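# Structural description and commentary
Listed here are the chains, written in short residue letters.
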Amino acid sequence: MSKSSARKAFAKPAKSGVADPISIPRSTKRSSVQQVALGEEKTANGLWPSDGVVFDRTCTDCPRLAAFLEEGRKQYPDYYCAPVAPFGDRKAKLIIVGLAPGFHGANATGRPFTGDYAGVLLYQTLHKFGFANKPESIHRNDGLKLTGARITNAVKCVPPENKPLPVEITTCNHYLQAELAAAPKNVVLLALGSIGHNACLRTLGLKVGDYKFGHGAEFKLPGGQWLIDSYHCSRYNTNTGRLTTDMFEAVFARAKALMAD
Ligand code: SF4
């Protein structure tokens, strides 16, 4: 890739909020992934360590995504550019499952939903409902703490155009599976969008066709968990009015009620 085309590939998104696609190298090298400052925060700030079970910051199991990150590190050396760990309370009874890191958001800062538009409403709402000690997430060392809630993604690495391939969602699912295996039996899973919804079901060995995604839909799952859905709090959904603050807060209110169930 020439310098100019690479620059274009990672140009900050314009109004669409979506990065341009890039051409992907054929192979990746694990050694370059390790150039990321590993273990810098360990268990501080609610981030999970790279323990290889619920999360592995050196994972390159998806070649296309690993290559995308490698290109990202070249163009934005100050960005985090690695799989993004779940964030929040390890004993959370509410687990929020998003899609994947955004290139100039979580991929830049290393914390889910931090640094881009999608996190604004999410952290405001978490604070409003008593899950966060602050209403905004700025960077990994800003002192933000979640209590009773955790945020994770169906896919831990940023995908080109915010669109993971089905095989990447499937490949990454074992991390979510490990997270949910460690969660309380009656955990409330709040899925932000259909990919998060489907990832939760796949993780629990349930048929996607038996549980239709819909904003505000809720399901008592056979294992005792609750699954509740919301439209994703993306810039597109909030700007177009598909998801309003009231709609989002109503889902959180319901989730909180289910947690007391
Ligand atoms: S998306 Fe998940 S499985 Fe794929 S490389 Fe990233 S961390 Fe590994």
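Here the structure is shown first, and the text comes after it.
Report follows, based on the coordinates. (Residues numbered from 1 in each chain as written. Predicted model: local features only at pLDDT ≥ 70, side-chain atom pairs only at ≥ 80, totals over all residues.)

## What to know about the site of the ligand
The environment of the ligand is made up of 13 residues, and the closest members are Cys-59, Cys-62, Pro-83, Cys-157 and Cys-172. Counting only elements with at least two residues in the shell around the ligand, the list comes to helix H3 (63-75) and helix H6 (166-181). (Near = placed C-beta within 6 Å. Helix = DSSP H or I, 4+ residues; strand = E, 2+ residues; numbered from the N terminus.)

## Structural notes on the packing of helix H5 (residues 118-128) against helix H9 (residues 245-259)
Where H5 meets H9, the closest approach of the two axes is 10 Å, and the angle between their N-to-C directions is 50 degrees. With respect to H9, the element H5 is oriented oblique. Crossing geometry of H5 relative to H9 is assigned as right-handed. For the pair H5 and H9, the contacting residues are Leu-121, Thr-125 and Lys-128 in the first and Thr-245, Phe-248, Glu-249 and Phe-252 in the second. Looking at side-chain class alone, the contact of H5 with H9 contains three nonpolar, two polar and two charged residues. (Axes fitted to C-alpha atoms, helices over the stretch in contact; angles between N-to-C directions. Parallel < 35°, antiparallel > 145°, perpendicular 65-115°, else oblique. Left-handed = near helix turned anticlockwise from the far one by under 90°. Contact = placed C-beta atoms within 7 Å. Nonpolar A, V, L, I, M, F, W, Y, C, P; charged D, E, K, R; others polar.)

## A look at H6
With 16 residues, H6 extends 22 Å from end C-alpha to end C-alpha; this agrees with the ideal 22 Å at 1.5 Å per step. Taken as a whole, H6 carries its principal kink of about 35 degrees at Asn-173. Three or more residues of H6 are buried, namely Glu-168, Ile-169, Cys-172, Tyr-175, Leu-176, Glu-179 and Leu-180. Buried residues in H6 make contact with H3, strand S3 (149-153) and helix H7 (194-203). (Expected span 1.5 Å × (residues − 1). Bend = angle between axes of the 7 residues up to and from the residue. Buried ≥ 20, exposed ≤ 12 C-beta atoms within 10 Å, placed from the backbone.)

## Things to note about the sheet that holds strand S1 (residues 87-88)
Pairing within the open sheet is mixed, and its six strands lie in the order S1-S3-S2-S4-S6-S5. Across the chains shown, the open sheet's two edge strands, defined by having one partner strand only, are S1 and strand S5 (218-220). As paired elements, strand S2 (residues 94-98) and S3 share five bridges and run parallel to each other. Within S3, the residue paired with Val-97 across the bridge is Thr-152. On top of the sheet, H9 reaches S2, strand S4 (188-192), S5 and strand S6 (226-230); it is set at about 175 degrees to S6, its chief contact. (Pairing = 2+ DSSP bridges.)

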